Amino acid sequence: MGDPRRQAMAKRMLKVSTHARRLAGEQGNQDRVAHRLVVPPNSWRWRTRIFLAALDEPYGLGPAHTHLQRQGEGVLSVLVGHSFFLRFDAKQFERAKPYPPLATLQIAELLRGQGHEVSLFDAMLASSTKDFDNMLERRRPQLVVLYEDNYNYLSKMCLARMREAACSMITSARRGGARVIVAGSDASDAPEPYLQAGADAALRGEGLEALNLLLRRLDTHPSLDHRALVEGIAQAVTQVDGRLLRGHAATTISLPQPRAAEAAHLEAPAAWDLVEIERYRATWIAAHGSFSLNMAASKGCSFRCAWCAKPIWGQHYQQRSPAAVAAEMADLKRRFAPDHIWFADDIFGFRADWVQRFAAELKAHGGGVPFTIQTRADLVSDTMAQALSDAGCYEAWIGAESGSQRVLDAMDKGTTVAEILQARRRLRAAGVRVGFFIQLGYLGEGLDELLQTRRLIEEAKPDDIGVSVSYPLPGTRFHEQVKTQLGGKTHWEDSADLAMMFQGSFGTDFYREVRDLLHAQVDLGRIDGRTWHRGHHELQQRWTRLISGASAAALTA
């Protein structure tokens, strides 16, 4: 019968060899196989796979032993990071609600799964870019990938302070001898500052395929020049002789992606083990007495609001399966015991039947974790509200934007004031808290429209609100409408900026005062008795003074 150990070894070698051939056939390149086969030198596995390489030669892999590399050769040492420093945004630092960079963690896990040596720089809780410099010194990576968290709405705001931080990090990385690739909303819209700071390439959109191709090229040719680096990669852009060079791809026939492949693409695991979870937990507990983590059940949004920037996923909406999302929540619950989950989706659930299946899956896992979502008023039917409640939804944030139908129509929002009020009533009846996102200063919004928003808040009585000023980001129809009015300031410094960058009906200070008054209105709804009457009287006086001042300014204009 022979030595059982030798038989077991033969079976294992055959299994690995078959797996290597399958990878070569599916991926069409031997570099991918080489990544999967990297092992410590002179080990039993090393000698075994040298033998397997010979077995693989008839399948078109060639002399595979020439691609088998010792640890540290043929595998890139990659430092994956992002540039959203909580400390650089006073408003967010005071809120003390940090979340790990989900998209960044997914990229870290993706690269690690390809065999690269991956470390993480998480700027969220870092003190400054000096922390990044220190990690560069310790790790000495060959490649730095600054991949912003595309799920984080703050990253989508393309804040100037974070751009400055990213450029500083790029400069440090290049000074340390590392190649640099950047990706994110701002780099997609405006790659020039990042490339001028020294980045070798910027990705356009999500850029997953482009990133894989760039890494393969750098793996094979670490000193590849910029032009050759992006050649034929449509999602990549670089700078040559001070000019942008886009890696236009050759004309190809695009075949539809199988559903299984699309589902696998959405199920991107995150490198949670690289996160300092206890630092996040301590920050949350100290500020709020509870701990929250983040997830995403979908990517993108298919609606077409005129002001919404979509440089990453465009108009596409891709949704994970309810079973997969429930399983991930159960896993996070088991590993980290969060008290709450924030779903970072632009639109959670979308359909009531999806949410119903999600609730059933969570029940099968023994229950989930209370969670918060974002949604639209026109998606909140009675069935949806009840399904959210059954799944454990604690709070739903609705993009109300304005109490003026005229303004909503100008935004191409596609919702009505009546739907906003109805969604609030339905969610309240189902026991789900409601927050409103309010946007001030949009085109055509005058004093009457502002007062309609005030009445919406008074009537709906949301549990919370978030107030912003219309912010014209590149790539939006709104930006096209006002771009001739934009001056030297093109981005907010931080999330509390609220600067009017175009010619609205009123100025920045006026809108900041309206923001404060709307927040005071919500706060008033949390009290009663004599305190309410006194607060209501004071709030009315503040509104009167503001309106009188605005009217006087209009008469003298």
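No experiment lies behind these values; they were computed from the predicted model shown.

Trainee: It is not clear to me how the pattern of salt bridges should be interpreted in this structure. Could you clarify?
Mentor: Close approach of charged atoms allows side chains with opposite charge to pair. Using the criterion set out here, one finds 28 salt bridges in the structure. The salt bridge partner of R281 is E278, with a shortest N-O separation of 3.0 Å. Pair noted here: R281 and E278 are both in helix 14 (residues 277-288), with a separation of three residues, about one helical turn. One salt bridge connects E513 with R542, and the closest N-O pair in it is separated by 3.7 Å. Taken as a pair, E513 in helix 22 (residues 508-524) and R542 in helix 23 (residues 529-556) lie far apart in primary sequence, 29 residues in all. Classification of R542 by relative accessible area gives partly exposed; the value is 29%. Through salt bridges with shared partners, a single network forms among E109, R112 and D273.

Trainee: Got a minute to help me understand the sheet that holds strand 4 (residues 179-183) in this structure?
Mentor: Overall, mixed pairing links the seven strands, which are arranged 2-1-3-4-5-6-7 in an open sheet. Of all the strands in the sheet, just strand 2 (117-121) and strand 7 (243-246) have a single pairing partner and so form its edges. For this sheet the average axis-to-axis angle between neighbouring strands, irrespective of direction, equals 25°. The sheet contacts of helix 6 (residues 129-139) involve strand 1 (77-81), strand 2 and strand 3 (143-147), and relative to strand 2 the element is tilted by about 160°. Sheet contacts for helix 11 (residues 208-220): strand 3, strand 4, strand 5 (201-203) and strand 6 (236-240); angle to strand 4, the most-contacted strand, approximately 175°.

Trainee: Got a minute to help me understand the packing of helix 19 (residues 417-429) against helix 20 (residues 447-460) in this structure?
Mentor: The packing of two helices is summarised by the inter-axis angle and the distance between the axes. Close contact between helix 19 and helix 20 brings their axes to 11 Å; oriented N to C, the two are set at 20°. The angle between helix 19 and helix 20 falls in the class roughly parallel. Judged by the twist between their axes, the crossing of helix 19 over helix 20 is right-handed. Facing V417, I420, L421, R424 and R428 of helix 19, the residues of helix 20 in contact are L456, E459 and A460. Of the residues assigned to the contact of helix 19 with helix 20, the class counts are five nonpolar, no polar and three charged.

Trainee: Please explain the packing of aromatic side chains as it appears in this structure.
Mentor: Each aromatic ring pair is specified by the distance between its two centres and by the angle formed by the two planes. Within the structure shown, the criterion is met by 21 aromatic pairs. Relative to F132, the ring of F121 has its centre 5.2 Å away and its plane inclined at 70°; by these criteria the two rings are edge-to-face. Here F121, found in strand 2, pairs with F132, found in helix 6; they are eleven residues apart in sequence, far enough to count as distant. Taken individually, F121 and F132 each receive the classification buried, so the pair is uniform in this respect. A centroid spacing of 4.1 Å and a plane angle of 20° characterise the contact between F506 and F510, whose relative ring orientation is stacked. Since its relative accessible area comes to 13%, F510 is described here as buried. One aromatic cluster is present, built from ring pairs that chain together F343, F348, W354, F358 and F371. Note that R376 overlies the ring of F303, its terminal NZ or CZ placed 3.7 Å from the centroid.

Trainee: How should I be thinking about the side chain of E401 in this particular structure?
Mentor: Relative to the helices and strands, E401 resides in strand 13 (residues 393-401). Judged by its relative accessible area of 5%, E401 is buried. The residues touching E401, leaving out its near neighbours within four places in the chain, are W307, L408, M411, K413, F437, I438 and Q439.

Trainee: Looking at this structure, how should I read the pairing of strand 15 (residues 464-469)?
Mentor: Of the two faces of strand 15, the one lined by I465, V467 and V469 is fully buried and the one lined by D464, G466 and S468 carries no buried residue. Summarising the sheet, strand 14 (residues 433-440) and strand 15 pair through six bridges and their orientation is parallel. In the sheet register, F436 faces strand 15, and the bridge partner there is I465.

Trainee: Got a minute to help me understand helix 19 in this structure?
Mentor: Given 3.6 residues per helical turn, the α-helix brings residues three or four places apart onto the same face. With 13 residues, helix 19 ought to run about 18 Å at 1.5 Å a step, and its terminal C-alpha atoms sit 19 Å apart, in line with that. Count one or two residues on from helix 19 and you reach G431, which has phi positive near 85°.

Trainee: Just to check I follow, could you spell out the sheet that holds strand 15 for this structure?
Mentor: The strands making up a sheet associate through backbone hydrogen bonding, with each pair oriented either parallel or antiparallel. Read from one edge of the open sheet, six strands run 8-11-12-13-14-15, paired in parallel fashion. This sheet does not close on itself; its edge strands, each paired only once, are strand 8 (292-295) and strand 15. Adjacent strand axes in the sheet meet at a mean angle of 20°, parallel and antiparallel pairs treated alike. Sheet topology places strand 12 (residues 371-375) next to strand 13; five bridges connect them, and they run parallel. Of the residues in strand 13, the one forming a bridge with I373 is A396.

Trainee: Got a minute to help me understand helix 16 (residues 352-364) in this structure?
Mentor: With 13 residues, helix 16 should cover 18 Å at 1.5 Å per step; its first-to-last C-alpha distance of 19 Å lies within 8% of that length. Taken together, the buried positions of helix 16 are A352, W354, V355, F358, A359 and L362. The buried side chains of helix 16 occupy one side of the element, clustering within an arc of 155° when seen end-on. In helix 16, the exposed positions that point more than 90 degrees away from the buried face belong to K363 and A364. Check the buried side of helix 16 and you find it contacts strand 10 (317-319), helix 15 (322-336), strand 11 (340-343), strand 12 and helix 17 (382-391). A positive phi of about 90° marks G366, the residue just after helix 16.

Trainee: What exactly am I supposed to notice about the environment of P322 here?
Mentor: With respect to the element layout, P322 can be found in helix 15. Sequence separation between P322 and R357 is 35 residues; the distance between their C-alpha atoms is 6.1 Å. With residues near it in sequence (within four places) discarded, P322 still touches W354, R357, F358 and E361.

Trainee: Would you mind showing me how to read unusual backbone geometry here?
Mentor: In this structure, D241 takes a positive phi of about 55° despite not being glycine. Counting through the fold element by element, D241 comes out in the loop between strand 6 and strand 7. One non-glycine residue, K461, lies in the positive phi region at around 50°.

Criteria and thresholds
- Residues numbered from 1 in each chain as written.
- Predicted model: local features only at pLDDT ≥ 70, side-chain atom pairs only at ≥ 80, totals over all residues.
- Heavy atoms only, no water.
- Salt bridge = Lys/Arg side-chain N within 4 Å of Asp/Glu carboxyl O.
- Helix = DSSP H or I, 4+ residues; strand = E, 2+ residues; numbered from the N terminus.
- Buried < 20%, exposed > 50% of the residue type's maximum accessible area, 1.4 Å probe, protein only.
- Pairing = 2+ DSSP bridges.
- Axes fitted to C-alpha atoms, helices over the stretch in contact; angles between N-to-C directions.
- Contact = heavy atoms within 4.5 Å.
- Parallel < 35°, antiparallel > 145°, perpendicular 65-115°, else oblique.
- Left-handed = near helix turned anticlockwise from the far one by under 90°.
- Nonpolar A, V, L, I, M, F, W, Y, C, P; charged D, E, K, R; others polar.
- Phe/Tyr/Trp six-rings, centres within 6.5 Å; stacked < 30°, edge-to-face > 60°.
- Lys NZ or Arg CZ within 6 Å of the ring centre and 35° of its normal.
- Expected span 1.5 Å × (residues − 1).
- Arc of directions from axis to C-beta.

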